[in-house]
Amino acid sequence: MQAVRIHSFGGTEVLTLEDVPKPEPGDYEVLVRVQAASVNPVDYKIRNGKYLPADQLPLTLGRDMCGTIEKCGRAVTGYSEGEAVYAMLPTDRGGYAEYVVANVAHCAPKPERLDPIQAAAVPLAALTAWQGLFDHGRLKGGQRVLVHGAAGGVGHFAVQFAKAYGATVYATCSEGDLEWVRSLGVDKAIDYKNQRFEDEVPEVDLVYDLVAGETQDRSWWVLKQGGILVSTLTEPSADKAREHGAEGTRYTAHPDGRQLAEIGRLIDAGRVRVQVDKVFALEEAAEAEHVLEDEHVRGKVVLKVA
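The name an unreviewed UniProt entry assigns to the protein is NADPH:quinone reductase-like Zn-dependent oxidoreductase, from the organism Nitrospirillum amazonense.

Pasting the structure below:
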């Protein structure tokens, strides 16, 4: 099969499309013929050498995918050959490939409303948003949440999940994305360049930070006593958390088939929609990563594999 791999860290020039052996599934795994794989910021961060040690190279990139099951491991139950699934993948296997082996516990049925390209855009970004809001942020219906970076891959899922579970949602984005973010159901969209969110947002129970830097530092002022600041990027200051009577945490998302199935049910119920900004062929993975890393993207970038 063909796969996009890296043998050293660096820019997009280190991505190579090469022939590698087709993997065989273990007892609790499925071999999936990949139809599409999404491109996430973690991919170019791994490629740049920020996340993994060099002794894990060579490596196939891609942390999520959608495809059809070609072969089931002998202990797999609940799935059959030919079934369409999607999954978030651990770092030891990659979705930028014609085939991938996935742990069945990481898989969920592809949402019926989505085609494979749309479905491939979901797993990592949606699970990141889900776990940030509900596992780490402990968000409940009736609470208020501020989402920074609402127009991105994770952000556009976060605002929809929060609304689906009855929260009041404030969101920051660029001026050009205001109307689109409003269409996702946010209660108030804020132009981060021309408006100070501190002046536009009342005290909130949760700040979901996908931006970090100065934005994170200023966010303590809109958190209520006992509120939580959750970041995917940098560890919030413990001193500032104590000063404001709040909590702060950083986390990394993990594969979870049960959560992904729940997300799929929300999608099929029409309560969450998926935004795909650009689609590239597998052999165009370098260009796709360049676009995600260096250009403004609304929603997700996806590789069409088969």
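So, next bit.
So, about the pattern of salt bridges. Taken as a whole and assessed by the stated rule, the structure comprises 21 salt bridges. Here R298 ties to D177 by a salt bridge, and the two come within 2.8 Å at their closest N and O atoms. Highlighted residues: R298 in the loop between α10 (285-294) and β16 (300-304) and D177 in the loop between β10 (168-173) and α5 (178-183), separated in sequence by 121 residues. On the basis of relative accessible area, R298 is assigned to the partly exposed category, the value being 25%. D177 sits in the buried class, given a relative accessible area of 2%. The residue D277 makes a salt bridge to K278 at a minimum N-O spacing of 3.0 Å. D277 gets classed as partly exposed once you look at its relative accessible area, which sits at 27%. Exposure remark for K278: the relative accessible area of 29% places this residue in the partly exposed category.

Another point: the sheet that holds strand β4 (residues 59-60). Read from one edge of the open sheet, three strands run β2-β1-β4, paired in antiparallel fashion. The open sheet has two free edges, formed respectively by β2 (16-19) and β4, since each of these has just one partner strand. Inspection of the sheet shows strand β1 (residues 2-6) paired to β4 by two bridges, in the antiparallel sense. Bridging from a neighbouring strand, I6 pairs with L59 of β4.

A few words now on unusual backbone geometry. The omega torsion across L57 and P58 is 0°, close enough to zero to call that bond cis. Mapped onto the elements of the fold, P58 is located in the loop between α1 (41-47) and β4.

Our focus in this paragraph is the packing of helix α3 (residues 123-136) against helix α9 (residues 257-268). In the contact formed by α3 and α9, the axes pass within 10 Å of each other and the chain directions differ by 100°. In terms of orientation, α3 lies roughly perpendicular with respect to α9. Every residue of α9 that contacts α3 at P123, A126, L127, W130, Q131 and D135 is listed here: Q259, L260, E262, I263 and L266.

The next point concerns the nonpolar core. A general trend in soluble globular proteins is that nonpolar side chains are found buried together. V122, L133, F161 and Y208 are the most contacted members of the largest nonpolar core, which totals 93 residues. Tallying contributions element by element places α3 first for this core, with eight residues. No fewer than three residues from each of domain 1 (2-124 + 274-304) and domain 2 (137-250) sit in this core. Each residue touching L133, except ones within four places of it in the same chain, is listed here: R138, L139, V145, A158, F161, A162, L206 and Y208.

A few words on the environment of V230. Secondary-structure assignment places V230 in strand β13 (residues 223-231). Considering only alpha carbons, one finds V230 and Y208, 22 residues apart in sequence, at a separation of 5.1 Å. For V230, the residues in contact, after removing those within four places along its chain, are G132, H136, G137, L206, V207, Y208, D209, T249 and Y251.

Okay, the domain arrangement of the protein next. Taken domain by domain, the protein holds domain 1 (2-124 + 274-304) and domain 2 (137-250). Taking only C-alpha atoms into account, the centre of domain 1 sits 29 Å from that of domain 2. Taken residue by residue, the interface counts 11 residues in domain 1 and 11 residues in domain 2. In this structure, the connection of domain 1 to domain 2 is made through six residue pairs in polar contact (both at pLDDT 80 or more).

Basis of the calculations
Residues numbered from 1 in each chain as written. Predicted model: local features only at pLDDT ≥ 70, side-chain atom pairs only at ≥ 80, totals over all residues. Heavy atoms only, no water. Salt bridge = Lys/Arg side-chain N within 4 Å of Asp/Glu carboxyl O. Helix = DSSP H or I, 4+ residues; strand = E, 2+ residues; numbered from the N terminus. Buried < 20%, exposed > 50% of the residue type's maximum accessible area, 1.4 Å probe, protein only. Pairing = 2+ DSSP bridges. Axes fitted to C-alpha atoms, helices over the stretch in contact; angles between N-to-C directions. Parallel < 35°, antiparallel > 145°, perpendicular 65-115°, else oblique. Contact = heavy atoms within 4.5 Å. Core = buried A, V, L, I, M, F, W, Y, C linked by side-chain atoms within 4.5 Å. Domains from an automatic or database assignment. Polar contact = N/O pair within 3.5 Å; in protein donor to acceptor, adjacent residues only side chain to side chain.

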